[in-house]
Amino acid sequence: MSQTPDKSEIRGPRGGAAPGGGAARRICVFCGSRFGRLQQYRDQATAVGAAIARRGFGVVYGGGHVGLMGTVADAALAEGGEVIGVIPHALDSREVSHTGLSELHLVDTMFDRKKLMAELSAGYVVLPGGIGTLDELFEAMTNSQLGFDPKPIGLLNDHGYYDDLVRFLDRLTQEEFLAPEHRALLWVEDDPEELVARVVAAIG
Ligand code: AMP
């Protein structure tokens, strides 16, 4: 067992957010800490943040105001939604943390962050992003296939951003490194509203 003292801390509420409904009413969003090259990525992030809030669900995410992460948070807050950020102390500077969230949880490590984001939510939505986003996606899939964290995982493939990844996952299945039932754990949709609706329906 870890002897590391628990240095986690919660700040908030910081905005006029609606009351949350606990983890069962929240969706964890993984996405880029950058905006990406095209405006369409920001539009997708806005659509997903707003769609989650309009369905009465809260957003759990990495806590930054940067890139698509900030776009998702702002869109959900603008719809009156609950938005909970989870960020390591080391990234909690004025440049990085979003200052208008319902709650901001400060944790020690990136590992603690992923663990807490999982505990605070009932499903995942993954938007365009970089290495951090892929790391979060694959950890969620690994935990789901092993049965540690069996939650719906939705991947937004608007404008084909993830086409190559989806093809590669199918290759893993063809080569028998990934079981078809585990490949099926990842739901791929190209429409933000449909993706959120599918994850929300699965959460119940
Ligand atoms: P990336 O896709 O490499 O931009 O990383 C984005 C993901 O990693 C997000 O879902 C966050 O949880 C985490 N992350 C990476 N950079 C930051 C940052 N500057 N602030 C907060 N979270 C970050």
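How each quantity is defined
- Positions within a chain are numbered from 1, following the residues in the order the chain's sequence is written.
- Totals for whole chains, interfaces and linings use all residues, but because this is a predicted model, local features are given only for residues with pLDDT of at least 70 and pairs of side-chain atoms are given and counted only at 80 or more.
- Here, a nonpolar core denotes buried Ala, Val, Leu, Ile, Met, Phe, Trp, Tyr and Cys residues that are linked to one another through C-beta atoms within 7 Å.
- In this scheme every C-beta is placed from the backbone, and a residue whose C-beta has 20 or more other C-beta atoms within 10 Å is buried, one with 12 or fewer is exposed, and one in between is partly exposed.
- A run of H or I in DSSP counts as a helix once it spans at least four residues, and a run of E counts as a strand once it spans at least two, with each numbered from the N terminus.
- Throughout, a pair of residues is in contact if the C-beta atoms placed from their backbones lie within 7 Å.
- Defining nearness, a residue is near a molecule or strand when the C-beta atom obtained from its backbone falls within 6 Å of it.
- Ten residues, namely Ala, Val, Leu, Ile, Met, Phe, Trp, Tyr, Cys and Pro, are considered nonpolar, four, namely Asp, Glu, Lys and Arg, are considered charged, and the remaining ones, Gly among them, are considered polar.
- Only strands that DSSP links by at least two bridges are regarded as paired with each other.
- When the strands point away from the viewer and the connection leading from the first strand across the helix to the second strand turns clockwise, the crossover is called right-handed.
- For helices, the axis comes from a line fit to the C-alpha atoms of the stretch in contact; other axes are also lines fit to C-alpha atoms, and the angle between any two N-to-C directions lies between 0 and 180 degrees.
- Should the near helix be turned anticlockwise from the far one by less than a right angle, the crossing is left-handed, and should it be turned clockwise, the crossing is right-handed.

A. Inspection of the nonpolar core at higher detail. By size, the foremost hydrophobic cluster in this structure holds 49 residues, and its most contacted members are Val29, Val48, Val59, Val72, Ala76 and Val125. No other element matches helix α1 (residues 39-54), which puts eight residues into this core. Once residues lying within four places of it in the same chain are set aside, the contact partners of Val29 are Val48, Val59, Tyr61, Val72, Val125 and Leu127.

B. The site of the ligand, seen in detail. What surrounds the ligand is a group of 19 residues, the closest being Gly62, Gly64, Gly129, Gly130 and Gly132. Ranked by the residues each element gives to the shell around the ligand, the list is headed by helix α4 (residues 131-145), at four residues. Classifying every residue of the shell around the ligand by side-chain character gives eight nonpolar, nine polar and two charged.

C. Representation of the environment of Leu169. Topologically, Leu169 is positioned in helix α5 (residues 163-174). Given 17 C-beta atoms within 10 Å, Leu169 falls into the partly exposed group. Residues Leu169 and Pro180, spaced 11 residues apart in sequence, show a C-alpha to C-alpha distance of 10.0 Å. Other than its neighbours up to four places away in sequence, Leu169 contacts Leu178, Arg183 and Leu186.

D. Local environment of the pairing of strand β7 (residues 153-156). Side chains Ile153 and Leu155 project from β7 onto one buried face, and the interleaved Gly154 and Leu156 project onto a second face that is buried too. Pairing of strand β6 (residues 124-126) with β7, which is carried by three bridges, proceeds in the parallel orientation. Residue pairing in the sheet places Val125 in a bridge with Gly154 of β7. Between β6 and its parallel partner β7, the chain crosses via α4, and the hand of that crossover is right-handed. Relative to strand β8 (residues 186-189), β7 is paired through four bridges, and the arrangement is parallel. Residue Leu156 lies in a different strand from β8, and its bridge partner there is Glu189.

E. Here's a closer look at the packing of α1 against helix α7 (residues 192-203). The geometry of α1 relative to α7 is characterised by a closest axis approach of 9 Å and an angle of 35° between their N-to-C directions. Our pair here, α1 against α7, has a crossing hand that is right-handed. Listed contacts from α7 to Gln44, Ala47, Val48, Ala51 and Ile52 of α1 are Pro192, Glu193 and Val196.

F. Layout of the pairing of strand β5 (residues 103-107). In terms of residue burial, β5 counts as a mostly covered element, since five of its five residues are buried. Of the two faces of β5, both are covered, the one formed by Glu103, His105 and Val107 as well as the one formed by Leu104 and Leu106. Note: strand β1 (residues 9-11) against β5, three bridges, orientation antiparallel. Its bridge partner being in β5, Arg11 is matched across the sheet by Leu104. Inspection of the sheet shows strand β4 (residues 83-88) paired to β5 by five bridges, in the parallel sense. By the bridge assignment, Val86 is partnered in β5 with His105.

G. The sheet that holds strand β2 (residues 26-30), seen in detail. Pairing is mixed in the open sheet, where eight strands are placed in the order β1-β5-β4-β3-β2-β6-β7-β8. Where the open sheet ends on each side, the last strands, each with one partner, are β1 and β8. Across the sheet, the mean angle separating the axes of adjacent strands is 25° when strand polarity is ignored. Two strands pair when backbone bridges link them, and strand β3 (residues 58-61) and β4 are joined in this way by three bridges, in the parallel orientation. Within β4, the residue paired with Tyr61 across the bridge is Gly85.

Function cannot be read off these values alone, since they describe shape.
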